[in-house]
Amino acid sequence: MAAFGWKLHGDGKSLAPGEVVRPDERLTWGRTTGLGAQHVVSMIGACFVAPVLMGLDPNLAVMASGVATILFLLITRGRIPSYLGSSLSFIGVAAVIKTQGGDAATLTGALLVVGAVLFLCGAVVRALGARVIHTVLPPVVTGAVVMLIGFNLAPVTAGTYWPQDQWTALLTMLFTGFAVVVLRGFWSRIAIFLGLAFGYLVSWLLDRVFGKIHSPAGGTESVDHWRLDLSGVADAHWVGLPTFHAPGFSLSAVLVALPVVIALIAENAGHVKAVGEMTGDPLDDKLGTAIMADGAATMLSTSAGGPATTTYAENIGVMAATRVYSTAAYWCAAGFAILFGLCPKFGAVVAAIPGGVLGGITVILYGMIGLLGAQIWVRSRVDLSNPLHLVPVAAGLIVGIGDVSLSLTDNFRLSGIALGTLIVVIGYHALRALAPAHMKQQPPLSAADNPGYDRGRTEGS
């Protein structure tokens, strides 16, 4: 299927119960544009939170997400409906690089290298088939890495955001949890966005009622400050380009960021699998291409100073709710995102998110990222009573979450996410090579009698 040339589905106006609009179809352009706007709203909370937490320009991030989505749709030739937003998996990496003295350029340079490695991994999968993923990165490994990436972030919330305004953080956390669990349909898909809006309102009300708060501002010493400072919004222009910067490169920063490749591969595999099941069109033959496209999009974004990109579950939820999988809607969404990126005032509103609000949001967000790892274990029926699984996972999680470090030279050390990932990956494969046969009874997903993801032809066939 080509990236363009959508067929009008029926009359383009109405859908019968259970009817599906396929990726190569569309509704009327008015309805398609509306669906594109809905996709932007669904991703906007997480897509803007990520760059703010990493110290990057949110306007550039949303613009880059639009460009990245267009690139993804072109590379996959419009077969995989997907929106590429700012990856949350690198928030912990950003915090570590900052403590090492790195700046935004150092971070984006490390993420650019990750994008290149992800692209190469996609090329390997394209050539060898999806089974290679499960040979090198079985579910026990990917689950552990995703978990330590999320839980490694706990000190950021506890030490930086929550202390800025504990009561706003608590109220925001409670409301966001309510929105995720109680709200239905589309509203539950934008729970993060609703939590941000609620936190904004609470901060504004508390400023009006109680005046300034005396607390750490941005992790600094305690001072008197407004919870919600909108002075930057008034000074921002309505139209203008975001702030670009060239990437810088540091070996230590790259080594901290590289383990996240495992999480990105797992995210892409899950996305492709989910979309294939929803559309009834198995996409295992396109998994390598999707990973390559994500890698290329990440390289493009970070080369201009933006964040790494990844497929967004929020947008999968919108597709599942509407049963409209038309890639035309994603082209419209990408166009809206680029226009948002050209509005500095909009970015200033995002950048003004109070620390207490971020504290409440990140308590849930970081925990959810970590528990996605547990979800991988549950879905894949990983047996943690098996010492072959338990030992490398237990060691890697404690090292990653506790930010344990290993000094290799006077100027270089591995710690946290990077060291924890190495322990899980290398430890698992080394122990598997030495383990007795009864610990390896379950066949790997690459075995001929275990279909795994690629149940059909490979991309090279």
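Note that this is a predicted model, so its numbers are computed, not measured.

Here the focus is the nonpolar core. Core analysis: the biggest nonpolar cluster contains 92 residues, and F90 and V93 have the highest contact counts within it. Counting residues per element, this core draws most heavily on helix α13 (residues 260–279), which supplies nine residues. Setting aside its immediate chain neighbours within four residues, V93 contacts L107, V256, A257, V260 and I417. Formed by five residues, the second largest nonpolar core is a distinct cluster that contains V21, L27, L35 and V324.

What follows concerns the pattern of salt bridges. Under the definition given, this model contains three salt bridges. Between D24 and K7 there is a salt bridge; the shortest N-O distance is 3.8 Å. On the criterion of sequence distance, the pair formed by D24 in the loop between β1 (7–8) and β2 (25–26) and K7 in strand β1 is long-range, its members being 17 residues apart. The class for K7 is partly exposed, based on a relative accessible area of 48%. Here D165 and R227 are joined by a salt bridge, their closest N and O atoms 3.2 Å apart. Of this pair, D165 sits in the loop between α7 (154–161) and α8 (166–182) while R227 sits in the loop between β5 (222–225) and α11 (231–235), and the two are 62 residues apart along the sequence. Like D165, the residue R227 is buried in the burial classification.

The next thing to look at is the packing of aromatic side chains. Throughout the structure, instances matching the rule amount to three aromatic pairs. Here the aromatic rings of W6 and W29 are separated by 5.9 Å at their centres, their planes lie at 85 degrees, and the arrangement is edge-to-face. One end of the pair, W6, is in the segment before β1; the other, W29, is in helix α1 (residues 29–54), and 23 residues separate them in sequence. Taking the relative accessible area as the measure of exposure, W6 reaches 17% and is therefore buried. On the basis of an interplanar angle of 35 degrees and a centroid distance of 6.3 Å, the ring pair of F175 and F178 is categorised as tilted. Taken together, the residues span about one helical turn, with F175 and F178 both in helix α8 at a distance of three residues. By relative accessible area, F178 is classed as partly exposed at 41%. Ring-pair connections join several aromatic residues into one group, and the members of that group are F175, F178 and F198. The ring of W226 is capped by R208, whose NZ or CZ atom sits 5.7 Å from the centre of that ring.

Take the side chain of H389 next. Position of H389 among the secondary structure elements: in helix α19 (residues 387–401). Sequence-distant contacts of H389, that is, excluding residues within four places in its chain, are made with V140, V382, D383, L384 and Y428.

One non-glycine residue with positive phi stands out, namely R77, at about 55 degrees. Structurally, R77 is set in the loop between α2 (58–75) and β3 (84–86). Positive phi outside glycine occurs at R381, with the angle close to 55 degrees. Relative to the assigned elements, R381 resides in the loop between α18 (355–380) and α19.

Before going further, it helps to examine the packing of helix α10 (residues 191–210) against α18. Orientation of α10 relative to α18, taken along the N-to-C sense of each, is 155 degrees, at an axis distance of 9 Å. Judged on the interaxial angle alone, α18 and α10 are roughly antiparallel. The two elements α10 and α18 cross, and the hand of that crossing is right-handed. On the side of α10, the interface is formed by I192, G195, L196, G199, Y200 and S203, while α18 contributes V357, I361 and L365. Along the lines of polarity and charge, the residues of the contact of α10 with α18 split into six nonpolar, three polar and no charged.

Calculation criteria
- Residues numbered from 1 in each chain as written.
- Predicted model: local features only at pLDDT ≥ 70, side-chain atom pairs only at ≥ 80, totals over all residues.
- Heavy atoms only, no water.
- Core = buried A, V, L, I, M, F, W, Y, C linked by side-chain atoms within 4.5 Å.
- Buried < 20%, exposed > 50% of the residue type's maximum accessible area, 1.4 Å probe, protein only.
- Helix = DSSP H or I, 4+ residues; strand = E, 2+ residues; numbered from the N terminus.
- Contact = heavy atoms within 4.5 Å.
- Salt bridge = Lys/Arg side-chain N within 4 Å of Asp/Glu carboxyl O.
- Phe/Tyr/Trp six-rings, centres within 6.5 Å; stacked < 30°, edge-to-face > 60°.
- Lys NZ or Arg CZ within 6 Å of the ring centre and 35° of its normal.
- Axes fitted to C-alpha atoms, helices over the stretch in contact; angles between N-to-C directions.
- Parallel < 35°, antiparallel > 145°, perpendicular 65-115°, else oblique.
- Left-handed = near helix turned anticlockwise from the far one by under 90°.
- Nonpolar A, V, L, I, M, F, W, Y, C, P; charged D, E, K, R; others polar.

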